[in-house]
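Inside the fold
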Amino acid sequence: MVSVDIRLNSQKDMTEFVNRCERAFEARLDDVAKQVVSDKELHIIALSGPTCSGKTICANKLIYELEAAGKNIHLISIDDFFKERDVLNRESEIASDSGLDYDSVNAIDLELLTECTESILAGKPTILPRYDFVSGKRGVRESVDPDESSIFIFEGIQAIYPEVTSLFGTKYKSVFISVADDLELNGVYFGRRDIRLLRRLVRDYKFRGAAPEFTFFIWRSVALNEDRCILPYADTTDIQIDSLMPYEPLLLKNELTAILPSVADTSKYYPKALEILEKLDKLESIDAKLVPNNSLLREFIGNA
């Protein structure tokens, strides 16, 4: 557990705390990038992590460092290999499921992913798909032509599943990012999964139009899938990154205190919403203007 006891008496104190946390995380990413760049035979990176772990900023950092080292980088989202929605609906009905589980490996068109991966490893021009979540259809994204300088980053929750990693052969690196530590901030405790829940509550409300009650509703199935399909493989990955930012409850406080009161006291999610609000009430808040534009947390609160 990370324990922080800090008094923020001025904006200068807040700025220094934010910058200290940001520098520590940047140093962790720098170490990872150096490990990856030093592997001259590397052609595939499997970048995985649970929801709201910071995969996007990690991918961007790896791309920046690898391109600076003269590599030709291709970012491949495994989400683009989802089966089309009509297929998923049929399979869901046959299995008598209550809804579509996009985190399941069964939602992926493994045949197409296998075909594309084998083509890439063979150095052949490869047409990649693009999945449209609005229509539930797959189209063509682009054609890539691998060369000796090419590195392909396969990014997504499913990039840790054995059914997926088995396609990459032996010369690949697996990178796993998540909030790896619980946090005690000025005596207030936040579990590592709850940190990601706070991130998701804000992100879903701001960018996906989802009310907090809906995020609470789906969080149980998210957690169950993580426990069953993601976390058991985390320790098998080559590189693990802790994306915890100790100042983030202070940053997310203003957003959460504005949106969580919408959860009615008759809702079964009210006790959890109240628990979060009571914890945040014991803490100061940090203005989003103090957060660097390249911060991992911008992935959840948006740009300045």
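Below is a summary of the structure that appears in this document. (Residues numbered from 1 in each chain as written. Predicted model: local features only at pLDDT ≥ 70, side-chain atom pairs only at ≥ 80, totals over all residues. Heavy atoms only, no water.)

Quick look at the sheet that holds strand S10 (residues 239-242)
Our working rule: In this description, strands pair whenever DSSP reports at least two bridges between them. Going along the chain from the N terminus, every DSSP run of H or I of four or more residues is numbered as a helix, and every run of E of two or more is numbered as a strand. To obtain an axis, a line is fitted to C-alpha atoms, over the contacting stretch when the element is a helix, and the angle between two such axes runs from 0 to 180 degrees between their N-to-C directions.
Here we have 5 strands laid out as an open sheet, ordered S3-S6-S2-S7-S10, and parallel in their pairing. Two strands close off the open sheet at either side, each with one partner strand: strand S3 (72-77) and S10. Shown here is a sheet whose adjacent strand axes are inclined to one another by a mean of 20°, direction ignored. Bridging between strand S2 (residues 44-48) and strand S7 (residues 172-178) involves 5 bridges; their strand directions are parallel. Across the sheet, Leu47 pairs through a bridge with Val175, a residue of S7.

Observations regarding the side chain of Glu226
Quick reminder of the rule: Burial here depends on accessible area, computed with a 1.4 Å probe over protein chains only, as a share of the maximum for the residue type. Under 20% is buried, over 50% is exposed, and the range in between is partly exposed. It only takes one pair of heavy atoms within 4.5 Å for two residues to be counted as in contact.
Considering the arrangement of structural elements, one finds Glu226 in helix H7 (residues 212-230). Look at Glu226 and you get buried, because its relative accessible area is 2%. With residues near it in sequence (within four places) discarded, Glu226 still touches Pro50, Thr51, Arg193, Arg196, Leu231 and Pro232.

Section: H7
Filter applied, for reference: To obtain the bend at a residue, axes are fitted to the seven residues ending there and to the seven starting there, and the angle between these axes is taken.
Trp219 marks where H7 bends most, by close to 30°. Those residues of H7 that sit buried are Pro212, Thr215, Phe216, Ile218, Trp219, Val222, Ala223, Asn225, Glu226, Cys229 and Ile230. Those residues of H7 that are buried are in contact with S7, helix H6 (192-207), helix H8 (248-259) and helix H9 (270-281).

Concerning H6
An α-helical turn contains 3.6 residues, so any two residues separated by three or four positions project in the same direction. We apply this condition: To estimate the expected span of a helix, subtract one from its residue number and multiply by 1.5 Å.
Across its 16 residues, H6 extends 23 Å between first and last C-alpha, which sits within 8% of the 22 Å expected from 1.5 Å per residue. Looking only at H6, the buried set comprises Ile195, Arg196, Leu197, Leu198, Arg199, Arg200, Leu201, Val202, Arg203 and Asp204. In the segment just after H6, Gly209 is the residue with positive phi, at about 65°.

Re the side chain of Asp204
By the secondary structure assignment, Asp204 is in helix H6. Beyond its immediate sequence surroundings of up to four residues, Asp204 is in contact with Gly209, Ala210 and Thr215.

A look at the packing of H6 against H7
To keep things clear, this is the line we draw: The scheme is simple: roughly parallel for angles under 35 degrees, roughly antiparallel for over 145, roughly perpendicular for 65 to 115, oblique for anything else. Each helix crossing is assigned a hand: it is left-handed if the near helix lies turned anticlockwise from the far helix by less than a right angle, otherwise right-handed if that turn is clockwise. Under the scheme applied, nonpolar residues are Ala, Val, Leu, Ile, Met, Phe, Trp, Tyr, Cys and Pro; charged residues are Asp, Glu, Lys and Arg; polar residues are all the others, including Gly.
At a closest axis distance of 10 Å, the pairing of H6 and H7 adopts a crossing angle of 135°. Between H6 and H7, the angle is such that the two are oblique. Between H6 and H7 lies a crossing whose hand is right-handed. Judged by residue contacts, Arg193, Arg196, Leu197, Arg200, Leu201, Asp204 and Tyr205 of H6 engage Pro212, Thr215, Phe216, Ile218, Trp219, Val222, Ala223, Glu226 and Asp227 from H7. In the contact of H6 with H7, the residues fall into 9 nonpolar, 1 polar and 6 charged.

Some words on empty space enclosed by the protein
Worth spelling out the cut-off: Lining residues are defined by having an atom within 4 Å of a point belonging to a cavity or pocket. Those points lie on a 1 Å grid over the protein atoms alone, cavities being sets where a 1.4 Å probe fits but cannot get out and pockets being open sets with protein on both sides within 12 Å along at least five of seven lines. Grid points are joined across faces, edges and corners, and a volume is the space filled by probe spheres set on the points.
For the coordinates displayed, the defined rule picks out 1 cavity of 30 Å³ or more. Every residue along the wall of the largest cavity is listed here: Phe190, Asp194, Leu198, Lys272, Glu275, Ile276 and Lys279. Broken down by element, the lining of the largest cavity gets its largest block of residues, 4 residues, from H9. Here the residues of the lining of the largest cavity are counted per class, giving 3 nonpolar, no polar and 4 charged.

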